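So the chains spell out like this:
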Amino acid sequence: MRRLLAATAAVSALIPAASHAQDKVTLWDVLSLDRIAQSVLHSGIQMLRTQMDLQYGDLAVDLRRSRVTMTDVTAWPFFDWDEYGECEISIGALTLVGTPIDISDRFNGTARISGLTATKACFPTEAHMGFEMAGLDTLTIPRMTIDMNYGMPSSDALVRVFADVDGVATFDLSGDFSYFWFDGREDMEEPTPVMFLSNAT
């Protein structure tokens, strides 16, 4: 049934709604790369919804700039420790910027997040003491950026994370890895990270 629903959603996303007929949507509009990419993302979101409840306000795709933007995102993940379903994660805006189309041997990816909040229930019970010590019920991060530059030939990676956490601290961390990937020989669903760190700040 889940596969049927996902397939139906993917096909539906490719068909312009009848209510937009007055906008004179052309065949080129339907087959544009941005629309096709957006339809693929819609299918991915539908699959993600089998693992968590998820809503968002708007989704925009700009392949010329290798950019995807989502706004007003709210997710309710299903964590084993969250017995009463109290975990809620909200994001005001999420922007993903990928590698330019003319670069093939490296992956450059950036995630920019603004207005992130997560309730205490989203974290394992062991972390709740930290919330209590800081006098927090909700983790609030006005700004967060994750940059990753990954080399295909040698599997090297440069990772940088910046986060401004209200009431806690501002973090600016970076790591230079000579090798960065995952070992899935024992469990492909939960592979083990394989990382050789050369430098960290």
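Structure first, text after, so check above.
### Considering the overall build of the chain
On a plain count of helices and strands, the chain comes out with four helices and nine strands. Going from the N terminus to the C terminus, the chain shows its helices and strands as α-α-α-β-β-β-β-β-α-β-β-β-β. A buried classification covers 27% of the 201 residues belonging to the chain. Approximately 13800 Å² of the chain is accessible, and the part contributed by carbon and sulfur atoms is 59%.

### Remarks on helix H3 (residues 33-48)
The terminal C-alpha atoms of H3, which comprises 16 residues, lie 22 Å apart, in line with the 22 Å expected from a rise of 1.5 Å per residue. Turning to H3, its buried residues number three or more, namely Ala 37, Ser 39, Ser 43 and Ile 45.

### Quick word on the pairing of strand E5 (residues 106-119)
Alignment of strand E4 (residues 89-97) against E5, held across eight bridges, turns out to be antiparallel. Note that in E5 the partner of Ile 89 across the bridge is Ala 118. Across 13 bridges, the pairing between E5 and strand E6 (residues 138-151) is antiparallel. Bridge assignment links Leu 116 to a residue of E6, and that residue is Ile 141.

### So, the nonpolar core
In this structure, Ile 91, Ile 113, Leu 116, Ile 141 and Met 144 are the most contacted members of the largest nonpolar core, which totals 18 residues. Listed by contribution, the elements that provide at least two residues to this core are H3, strand E1 (52-55), strand E2 (58-62), strand E3 (67-77), E4, E5, E6 and strand E7 (157-165). Take this core: its biggest share by element is four residues, from E3. Setting aside residues up to four positions removed in sequence, Ile 91 forms contacts with Thr 71, Asp 72, Val 73, Ile 113, Ser 114, Gly 115 and Leu 116. If you look at the next biggest cluster of nonpolar residues, it comprises five residues, including Tyr 150, Ala 157, Val 159 and Phe 180.

### What to know about the packing of aromatic side chains
The relative placement of two aromatic rings is captured by the distance of their centres and the angle of their planes. Tallied over the entire structure, the rule returns seven aromatic pairs. Ring centres of Tyr 150 and Trp 181 lie 5.4 Å apart, and the angle between their planes is 35 degrees; this geometry places the pair in the tilted category. With Tyr 150 in strand E6 and Trp 181 in strand E8 (residues 169-183), this pair connects stretches of sequence that are 31 residues apart. Taking the relative accessible area as the measure of exposure, Tyr 150 reaches 9% and is therefore buried. You can call Trp 181 partly exposed: its relative accessible area is 43%. Aromatic side chains Phe 177 and Phe 180 sit 5.2 Å apart centroid to centroid with 70 degrees between the ring planes, which places their arrangement in the edge-to-face category. Take Phe 177 and Phe 180: they sit in the same class, and that class is buried. In this structure an aromatic cluster arises from ring pairing among Tyr 150, Phe 177, Phe 180, Trp 181 and Phe 182.

### Describing a nonpolar patch on the surface
Judged by side-chain polarity, Leu 33, Ile 36, Val 40 and Leu 63 come together as a nonpolar surface patch covering roughly 370 Å² of accessible area. Structurally, the position occupied by Leu 63 is in the loop between E2 and E3.

What counts, and where the lines are drawn
- Residues numbered from 1 in each chain as written.
- Predicted model: local features only at pLDDT ≥ 70, side-chain atom pairs only at ≥ 80, totals over all residues.
- Heavy atoms only, no water.
- Helix = DSSP H or I, 4+ residues; strand = E, 2+ residues; numbered from the N terminus.
- Buried < 20%, exposed > 50% of the residue type's maximum accessible area, 1.4 Å probe, protein only.
- Areas by Shrake-Rupley, 256 points an atom, 1.4 Å probe, with all protein chains shown as cover.
- Expected span 1.5 Å × (residues − 1).
- Pairing = 2+ DSSP bridges.
- Core = buried A, V, L, I, M, F, W, Y, C linked by side-chain atoms within 4.5 Å.
- Contact = heavy atoms within 4.5 Å.
- Phe/Tyr/Trp six-rings, centres within 6.5 Å; stacked < 30°, edge-to-face > 60°.
- Patch = residues over 30% accessible without salt bridge, like charges linked within 9 Å, V, L, I, M, F, W, Y side chains within 5 Å.
- Salt bridge = Lys/Arg side-chain N within 4 Å of Asp/Glu carboxyl O.

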